[in-house]
Amino acid sequence: MDDQGCPRCKTTKYRNPSLKLMVNVCGHTLCENCVEMLFVRGSGNCVQCDTPLRKSNFRVQLFEDPTVDKEVEIRKKVLKIYNKRDFDFPSLREYNDYLELLEEIVYNLTNNIDVENTKLQMEQYQRENRDLIQKNKVKLTREQEELEELLLLEQQGNEQRRLELLQDEQRQLQAKRKNKQALLDELEQSQLPATILLAQHKVRAAKLETQIEQQKQAVKPTSLFSTGINMRQTVTLQLPPKIEEVLFQYKALQVETYGPPVPELEQLGRLGYLNHVRAAMPQDTAGGYSSALACHRAIQDAFSGLFPLKR
Amino acid sequence: MFHNSSQGKYWIFLNEDDVEQKRYKANQKSRNKILESGKPGVSESKLLERHEEDVLFRHYEKRMVDFCNAFKPAMPKSVVGTAIMYFKRFYLNNSIMEHHPRIIMLSCAYLSCKVDEFNVSSTQFVGNLLQETPAGQERVLEQILEYELLLIQQLKFHLVVHNPYRPMEGLLIDLKTRYPTLENPESLRKNADDFLTQAAMTDAGLLFPPSQIALTAILNSASRAGLSMESYLIECLRLKEDKDALSKMYDSMRRMKTLLKKYELPKAEEVIACKKKLERIHAEFSSLSNKRKRGYEEDGHVAKEPRLTEEEWTDEDLL
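Calculation rules
Residues numbered from 1 in each chain as written. Chains lettered and ligands numbered in written order. Predicted model: local features only at pLDDT ≥ 70, side-chain atom pairs only at ≥ 80, totals over all residues. Heavy atoms only, no water. 1 Å grid on protein atoms, 1.4 Å probe; cavity = no way out; pocket = protein on both sides within 12 Å on 5 of 7 lines; lining within 4 Å. Points joined across faces, edges and corners; volume = space filled by probe spheres on them. Helix = DSSP H or I, 4+ residues; strand = E, 2+ residues; numbered from the N terminus. Axes fitted to C-alpha atoms, helices over the stretch in contact; angles between N-to-C directions. Parallel < 35°, antiparallel > 145°, perpendicular 65-115°, else oblique. Left-handed = near helix turned anticlockwise from the far one by under 90°. Contact = heavy atoms within 4.5 Å. Nonpolar A, V, L, I, M, F, W, Y, C, P; charged D, E, K, R; others polar. Disulfide = S-S within 2.5 Å. Buried < 20%, exposed > 50% of the residue type's maximum accessible area, 1.4 Å probe, protein only. pLDDT = per-residue confidence, 0-100. Buried area = accessible area lost by both parts, 1.4 Å probe. Salt bridge = Lys/Arg side-chain N within 4 Å of Asp/Glu carboxyl O.

Quick look at the layout of surface pockets now. Residue and element names in this part refer to chain A. Of the voids in this model, the largest pocket is the one considered here, and its volume is about 480 Å³. Along the wall of the largest pocket there are 16 residues; nearest its centre are Val25, Ile74, Lys77, Leu109 and Lys119. Of all elements in the fold, only α3 (66-81) and α5 (115-128) reach the threshold of two or more residues within the lining of the largest pocket. Per element, the largest residue contribution to the lining of the largest pocket is six residues, and it comes from α3.

Here it is, written out as structure tokens:
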């Protein structure tokens, strides 16, 4: 964000990283201070493109590129009018055509191409489909409300839990304080010697601690699984169809080597081959090399292809 | 392993005639191409005949082997063997008239170092061309890199070559372990080694599996020392109960020995005459070969510098 300075005061952005940039409808940025400055003097023109502006049109910048913010604003306005959904169209092709039309409008408005025509187009569409737009608006708001309700519930649940935790903690603190106070009182009043009193106090404190631990571990019984299904509810699922197939039979790999059989790697030592190969030095065995490996490879190479090839 | 390698499947031919056929076809194709290109001054007599190509081929093969033997650091035998095999395979399907052997042989050696994991940097590699200045070595390196991709393509991307050196070691180990009749198999090693080096220069690698070549080498060396190893063949190798396999084995060995005997280095005068012809062909029809050299260049690619410097260095610069 630092590489983008405010075009008016230039330096303030680097010096003050907490400073926010605001974007307006023409797609240019200004830092908060400059916005204030600009409208204190009553003049409402953008510094770079000189379009007349209102202070209310400034919004906090969300994206690094101000043109993106501008496009987002335009898109919101366009979508308020062109708010058909995918099930409103009889075929996928028509829905895609509609979406492409939308994109063209947004593109034109963002890049200041053919602005008047596009605006006329939008007004015409608005007039023609007034009730449809209204219906869709209502639908949308209903969905949004439902979502918001759910969010609210979740938040409330969180709040409750937080409060309960706080209360628990306070209770524990109080209990400890009471304990200490009781000890002091007893030391004052009772006849027993101080050491015994201290020992008793320690035992009581320990008991309190275990009580607290137990409380923490006590799981609150809930009535809902995390997926939202009730605990008592029996859910019957359809069993997947059982597929019977022939079991796999392993057959060992047969490779035709056109030569005499080669002894196994492990047998080489016993058969005496390794006496005629250079023994592996400790440096070699550290990496996992053994003289049997080289011997086996040489024997394999020697025997492979000895017999005449079948043509 | 050899039995399921690309070498066994695609690069082992039935007999010497088969191999000769392929070379003849390559030669014919190249001749027709040059004749059809319609350039002035083209005549049949100027193009290389099959036996002349052979002379040059053997000559350049020898030069490559000498280059590899004089290489610093010392090149392992398998790298040399792989390089020779690449050279042979390349000129099985291509003609010497189209691609000059002096660059192909260096590309073969360079590629072989890479494939066989004999780590030499490119500057180190061209540093072994002792007659050249460092600038000249740079130019040679560029040419090598140009041809590399074409070489790999003509090898049909089958880059793993099985040489007979490891099979020979394996057979010696087996002899020592299972055939106590023979007292000192090590004595056979030197002669067998020489046999293998000679065999590498012949077409044996294109006709027989490397284990058979190694076996022939050992048997040859044993017969030279007057020892008979028939019992080894029958008992230990268990050459299938039918006598057929044994006789086929002897047959192959006889063929291999004939190949070795037939091989001879070409005479100097022949070489010089053929080389002159080759140089002229390449000079006149170099534009034909120019386009093909860049195996990887697309049409829109612009070369870094004009390729006028090709003909400057000659064979004498190599050694």
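With that settled, consider the packing of helix α8 (residues 165-178) of chain B against helix α11 (residues 210-224) of chain B. All names here are of chain B. It is the contact of α8 with α11, at a shortest axis distance of 8 Å, that shows an interaxial angle of 55°. Considering their axes alone, α8 and α11 lie oblique with respect to each other. For the element pair α8 and α11, the recorded crossing hand is right-handed. On the side of α8, the interface is formed by Pro167, Met168, Leu171, Leu172 and Leu175, while α11 contributes Pro210, Ser211, Ala214, Leu215 and Ile218. Of the residues that constitute the contact of α8 with α11, the class distribution is nine nonpolar, one polar and no charged.

Before going further, it helps to spend a moment on the state of the cysteines. Residue and element names in this part refer to chain B. Within this structure, the stated rule accounts for zero disulfides over all chains. Not engaged in a disulfide, the cysteine Cys68 finds its nearest cysteine sulfur in Cys113; these two sulfurs lie 7.1 Å apart. What makes Cys68 buried here is its relative accessible area of 2%.

Mean pLDDT over chain A: 83, with 96% of residues reaching 70 or higher. Put simply, helix α1 (residues 12-15) of chain A is where chain A has its lowest mean pLDDT, 69, and helix α10 (residues 291-303) of chain A is where it has its highest, 91.

The next subject is the interface of chain A and chain B. It is common to report an interface's size as the accessible area lost on association of the parts. Contact residues are listed per partner, giving 26 residues for chain A and 25 residues for chain B. The contact between chain A and chain B buries some 2400 Å² in all, and 66% of this surface belongs to carbon and sulfur atoms. The largest per-residue losses of area from chain A upon contact with chain B belong to A:His276, A:Asp301 and A:Leu306, which jointly make up 24% of the total buried on that side. Note that B:Arg166 is salt-bridged to A:Asp301, the shortest N-O span being 2.7 Å. Here the element with the most residues in the side of chain A that touches chain B is α10(A); it accounts for eight residues. Taken together, the residues that form the side of chain A that touches chain B break down as 16 nonpolar, six polar and four charged.

Take empty space enclosed by the protein next. Residue and element names in this part refer to chain B. Summed over all chains, the structure comprises five cavities of 30 Å³ or more. In this structure, the largest cavity spans a volume of roughly 180 Å³. Lining of the largest cavity is provided by 19 residues; of these, Met85, Asn163, Pro164, Ala200 and Gly205 occupy positions nearest its centre. Taken together, the elements giving at least two residues each to the lining of the largest cavity come down to α4 (77-93), α9 (189-201), α10 (204-207) and α11. By residue number, the principal contributor to the lining of the largest cavity is α4, which donates four residues.

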